[in-house]
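If you want the building blocks of each chain, they are given just below.
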Amino acid sequence: MINLATVGTGWITESFIQAASLSKQYNLVGVYSRTEEKAKQLADQYESTHYFTDIEEMAKSEEIEVVYIASPNSVHYEQALTFLKNKKHVICEKPIFSNTAELEMAYQTAEENGVYLFEAIRNIHAPNFHILKEKLPMAGKLRSAVLPYMKYSSRYDQFLQGEEPNIFSAKFSGGALVDLGVYPLYVAVGLFGEPKKVSYHPVILSSGVDGSGTLLLDYDGFVCTILCSKIVDSILPCEIHGEKGTFLLGDAAPISDITFMDSHTKERQTIGVDLEEQNMIYECINIAKIIADENNQEYERLKEWSKIVLRITEEARKQNNIVFAVEK
Ligand SMILES: NC(=O)c1ccc[n+]([C@@H]2O[C@H](COP(=O)([O-])OP(=O)(O)OC[C@H]3O[C@@H](n4cnc5c(N)ncnc54)[C@H](OP(=O)(O)O)[C@@H]3O)[C@@H](O)[C@H]2O)c1
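Calculation notes
- Residues numbered from 1 in each chain as written.
- Predicted model: local features only at pLDDT ≥ 70, side-chain atom pairs only at ≥ 80, totals over all residues.
- Heavy atoms only, no water.
- Near = heavy atom within 4 Å.
- Polar contact = N/O pair within 3.5 Å; in protein donor to acceptor, adjacent residues only side chain to side chain.
- Areas by Shrake-Rupley, 256 points an atom, 1.4 Å probe, with all protein chains shown as cover.
- Pairing = 2+ DSSP bridges.
- Helix = DSSP H or I, 4+ residues; strand = E, 2+ residues; numbered from the N terminus.
- Axes fitted to C-alpha atoms, helices over the stretch in contact; angles between N-to-C directions.
- Contact = heavy atoms within 4.5 Å.
- Phe/Tyr/Trp six-rings, centres within 6.5 Å; stacked < 30°, edge-to-face > 60°.
- Buried < 20%, exposed > 50% of the residue type's maximum accessible area, 1.4 Å probe, protein only.
- Parallel < 35°, antiparallel > 145°, perpendicular 65-115°, else oblique.
- Left-handed = near helix turned anticlockwise from the far one by under 90°.

K.L.:
Describe in detail the site of the ligand, supporting the description with residues and values.
P.N.:
The environment of the ligand is formed by 23 residues, the closest being Thr9, Ser33, Lys38, Asn73 and Arg122. Backbone polar atom of Ser71 to an oxygen atom of the ligand: 3.4 Å apart, as the coordinates give it. Here Arg155 contributes a side-chain N or O atom positioned 3.0 Å from an oxygen atom of the ligand. About the coverage of the ligand: the protein hides 84% of its 890 Å² of free accessible area.

Here you go:
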């Protein structure tokens, strides 16, 4: 069992605590909120031993071994660095940081302090991603892929009413690509590797970040199109097209089901498995195992994917002059 503490009191923190509990790999020993009332309430609800309103004090706790961070994107870096410097492993919500300079510095700090830093990205830990990766050769020579992840956000209603929710704000390193596009992007990077060329075609909101966008990833002989949005919905499945067959995926995050259609016979075959209802459990289990086994090989693989994904979103933003406040 690893002693866990959390940062942030949004619904995603509760989901992670529930998944961590179901995984039976973690023991909740601390929760942090900027306000005592919320910290105490979360600690009481999930029977955490301690609660904190001071990050530095929490980072110095001898009991805590790993910290899950689910604060607004722009805050991740400073918080993660505080814990890494105090020799705590960090599991940081996606998008891990605002840019690659922060990521490099944080990995270096983790290494210097003998701890691990993970990006919490549920879909690459879930079983259907691994099944798809193993079965991908069935498709033959790949020619194209279309990976949509478009969800109308209730926070867009607030945005339309003149507010600026964190996720639609450059101040908090928000936008559709870094918030939702990273899920299909991780699928692409995990399956196909780093693309040769990237081009991003966003719909920019008045706040300066992308509400929607189309990201093109150029690979040898094929192009992967990622559609992401927080201002419209899509119910399109994901598709990966090869000369021998096509994979259809119910959803990108996590991959809910997989069907393979043979190009010649048109026969369809279901090859995915049903997922646990609380599908954050897979990342909880995998990360706990990497920490317990000190599995540096697996850690380096995840680290490489995080670096590629952030390089791509940074390049996509640069092409479109999407500048976060932390970069000004
Ligand atoms: N994996 C997933 O499926 C998933 C789903 C949703 C979100 N996320 C990620 O989780 C993170 C949090 O998302 P969210 O929508 O919950 O964000 P949020 O509502 O903007 O903030 C999350 C928490 O951070 C704290 N916070 C708010 N503003 C802050 C500030 N200015 N400085 C420091 N702390 C602040 C608040 O907790 P206190 O008031 O208690 O301090 C709040 O509950 C994001 O990185 C997001 O991308 C992941």
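Continuing now.
K.L.:
With reference to specific residues and values, describe the sheet that holds strand 2 (residues 26-32).
P.N.:
Strand order across the open sheet formed by six strands is 3-2-1-4-5-6, with parallel pairing between neighbours. With partners counted over all chains shown, the strands left at the sheet margins are strand 3 (50-52) and strand 6 (117-120), one partner each. Averaged over all pairs of adjacent strands, the angle between strand axes in this sheet comes to 25 degrees, irrespective of strand direction. As paired strands, strand 5 (residues 89-93) and strand 6 are joined by four bridges and run parallel to one another. Along strand 6, the bridge assignment pairs Val90 with Leu117. Running over the sheet, helix 2 (residues 36-45) touches strand 1 (2-7), strand 2 and strand 3 and is turned about 155 degrees from strand 3.

K.L.:
How would you explain the packing of aromatic side chains if you had to name every residue and give the values?
P.N.:
For the structure shown, the criterion picks out 16 aromatic pairs. Ring centres of Phe16 and Tyr26 lie 6.4 Å apart, and the angle between their planes is 65 degrees; on these two criteria the pair is classed as edge-to-face. Of this pair, Phe16 sits in helix 1 (residues 11-23) while Tyr26 sits in strand 2, and the two are 10 residues apart along the sequence. Looking at Tyr26, the relative accessible area reads 6%, which means it is buried. Centre to centre, the rings of Tyr149 and Tyr183 are 5.4 Å apart; their planes meet at 70 degrees, and the pair counts as edge-to-face. Here Tyr149 is found in strand 7 (residues 142-150), whereas its partner Tyr183 is found in helix 8 (residues 176-192), with 34 residues between them in sequence.

K.L.:
Account for the packing of helix 4 (residues 76-85) against helix 5 (residues 100-112), naming residues and giving values.
P.N.:
At their nearest, the axes of helix 4 and helix 5 sit 9 Å apart, and the two run at 15 degrees to each other. When the axis of helix 4 is compared with that of helix 5, the two are roughly parallel. Along this stretch, helix 4 crosses helix 5, giving a crossing that reads as left-handed. Counting all contacts with helix 4, which are made through Tyr77, Leu81, Leu84 and Lys85, the residues of helix 5 involved are Glu102, Met105, Ala106, Thr109 and Ala110.

These figures capture arrangement, not role.
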